[in-house]
Amino acid sequence: MYEGMAGRTSSRTRRRLWRASVTTAAVVPLALVGAACSAPGSGERAPAGGGPVSTSLGTEKVTLNMYAETGFPLAKALADEFTRQHPNVTFKVREDQFTVLVENAPRVLAGDNAPDIIRLPTMVDLVKDNLLKNLDPYFKAYGWDKFPASQLAQLRVNKDGQRGSGPLYGLGLGYSVTGVFYNKDLAKKVGMTQPPTTVAEFESLLAKASKDGVQPIVQFNKNTAGINFPYQALQNQFTDPAQVNDWIFQKPGATFDAPASLKAAQSIEKWAKAGYFTKDANALDYTNMVGDFAKGQGLFMFNGDWESANLDTKMPGNVGFFLFPAETAAGRHVAMSSPNTFGIGARAEHPDVAAYFLNWLHTNDKARKILVDVGGSNPGGPADLPVPQAKEDSVLASTLKASQQLADENGAVDFTANATGSIFASAITPELQKLIVGQQTPEGYVKAVQKEYEKELSR
């Protein structure tokens, strides 16, 4: 998701929030660079302007250096399973707190003992400094064009330092999805028999809940704007999501001051005036929001799949999840989604083995199961590969299904909060806080965000 939401709930949740705060997320379909030359494991291919890459692991003993974040078990679990299947490859894992990793990554990647695989705190600056390996040759050799375009496009950086196009520089260890959690008991109380299929249907449920004495939405907005979740969920539906991503990726001429942004702000203002949000949302933090929802104090909560395991534990059998609906029943689902991004160092000693590992974790059955069970999110990879099953009737099963649906519809987008380093703290959060209490107008909100955006880009 985005910065500022760490340090609130479980350690796993905190790690998810930090990861999304500094990585990129997905975009709408883009033309990818080149078609696959062959299926995985087909041997060597010569990339344009460089030497050959190998998709054969071989039998030589290799030690891969991995730089990951402290307390994040997924990378280690995958490394251990890879070594179990391929005993000639072992891992030397260095871990740091994520904030330390952010600070150290450039220096470590530039050093003589640069990691083969590294958790990417950011991409653009590392690409500009030639510290990450261009993965396009592997994209062609392994046939990664079978991945949904939106899954990889966010991990591309062009020559102008803009994300969303250009060479590929990373892959995800799991791909999170956002949407709407709902309390099943309260849903029955307000007559909700199935998830809404349009924005209008969703709003009718909000009105019905309010009329029946049920709090429609539990949403935090203290310190960081949790109401940006429903705001962008609406914004994504009111325009071509490519326009949203153009602004996030700082494309020339892109603007936040657009009809879709205004319409979304008007909807948020309307919802706030109608009492659909928690009355004290600006005083409600993330931890208390999740706790209140788990206690049955609201029908809906906008959040991400990182809370699935927690909610399955706290309210087993009584929590569901759906992707926020489009304006029309036939419309494509669009949702904010974020990978846990890893890349290969430009000075890596074993780049081919590192790429083999990254391909393996997307395509191997046991690796994909680990991504679900340990990571709690969709494993990504080729769109035709099944997602490992979670416990029937669990919310994790629902979020995995939603994530697969999003991949099938190529509807993942980045978070607007990631447009610049400070836009979330400097404009989105304070202006949304003012908007929901009547101290800012929808028109003023849109213009304030764009003004701060232009200010930051001019520095």
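Below, the structure is looked at part by part. (Residues numbered from 1 in each chain as written. Predicted model: local features only at pLDDT ≥ 70, side-chain atom pairs only at ≥ 80, totals over all residues. Heavy atoms only, no water.)

**A short note on the packing of aromatic side chains**
Logical step 1: For the structure shown, the criterion picks out 25 aromatic pairs.
Logical step 2: Look at Phe 202 and Trp 271: their rings are 5.8 Å apart centre to centre, the planes differ by 45 degrees, and that puts the pair in the tilted class. Remark: Trp 271 occurs in helix α11 (residues 259-273) and Phe 202 occurs in helix α8 (residues 199-211); sequence separation between them is 69 residues.
Logical step 3: Seen from their ring centres, Phe 202 and Phe 300 are 4.9 Å apart, and the 35 degrees between their planes marks the pair as tilted. Here Phe 300 lies in strand β9 (residues 300-304) and Phe 202 lies in helix α8, a separation of 98 residues in the sequence. Across this residue pair, the class does not change: Phe 202 and Phe 300 are buried.
Logical step 4: Positioned above the aromatic ring of Tyr 67 is the side chain of Arg 94, whose terminal nitrogen or guanidinium carbon lies 4.6 Å from the ring centre.
Logical step 5: Directly above the aromatic system of Phe 139 lies the positively charged group of Arg 156, at a separation of 5.0 Å from the ring centroid. (Phe/Tyr/Trp six-rings, centres within 6.5 Å; stacked < 30°, edge-to-face > 60°. Helix = DSSP H or I, 4+ residues; strand = E, 2+ residues; numbered from the N terminus. Buried < 20%, exposed > 50% of the residue type's maximum accessible area, 1.4 Å probe, protein only. Lys NZ or Arg CZ within 6 Å of the ring centre and 35° of its normal.)

**Description of the pairing of strand β4 (residues 89-96)**
Logical step 1: Taken together, the 8 bridges between strand β3 (residues 62-69) and β4 define a ladder with parallel strand orientation. The partner of Ala 68 across the bridge, within β4, is Glu 95.
Logical step 2: Between β3 and its parallel partner β4, the chain crosses via helix α2 (residues 73-85), and the hand of that crossover is right-handed. (Pairing = 2+ DSSP bridges. Right-handed = clockwise from strand over helix to strand, strands pointing away.)

**Concerning the packing of α2 against helix α15 (residues 365-373)**
Logical step 1: At a minimum axis distance of 10 Å, the contact between α2 and α15 shows a crossing angle of 165 degrees. Taken together, the axis directions place α2 and α15 in an arrangement best described as roughly antiparallel. Read as a crossing pair, α2 and α15 show a hand that is right-handed. Across the interface between the two elements, Leu 74, Ala 77, Leu 78, Glu 81, Arg 84 and Gln 85 of α2 pack against Lys 366, Ala 367, Ile 370 and Leu 371 of α15.
Logical step 2: Grouping the constituent residues of the contact of α2 with α15 by class yields 6 nonpolar, 1 polar and 3 charged. (Axes fitted to C-alpha atoms, helices over the stretch in contact; angles between N-to-C directions. Parallel < 35°, antiparallel > 145°, perpendicular 65-115°, else oblique. Left-handed = near helix turned anticlockwise from the far one by under 90°. Contact = heavy atoms within 4.5 Å. Nonpolar A, V, L, I, M, F, W, Y, C, P; charged D, E, K, R; others polar.)

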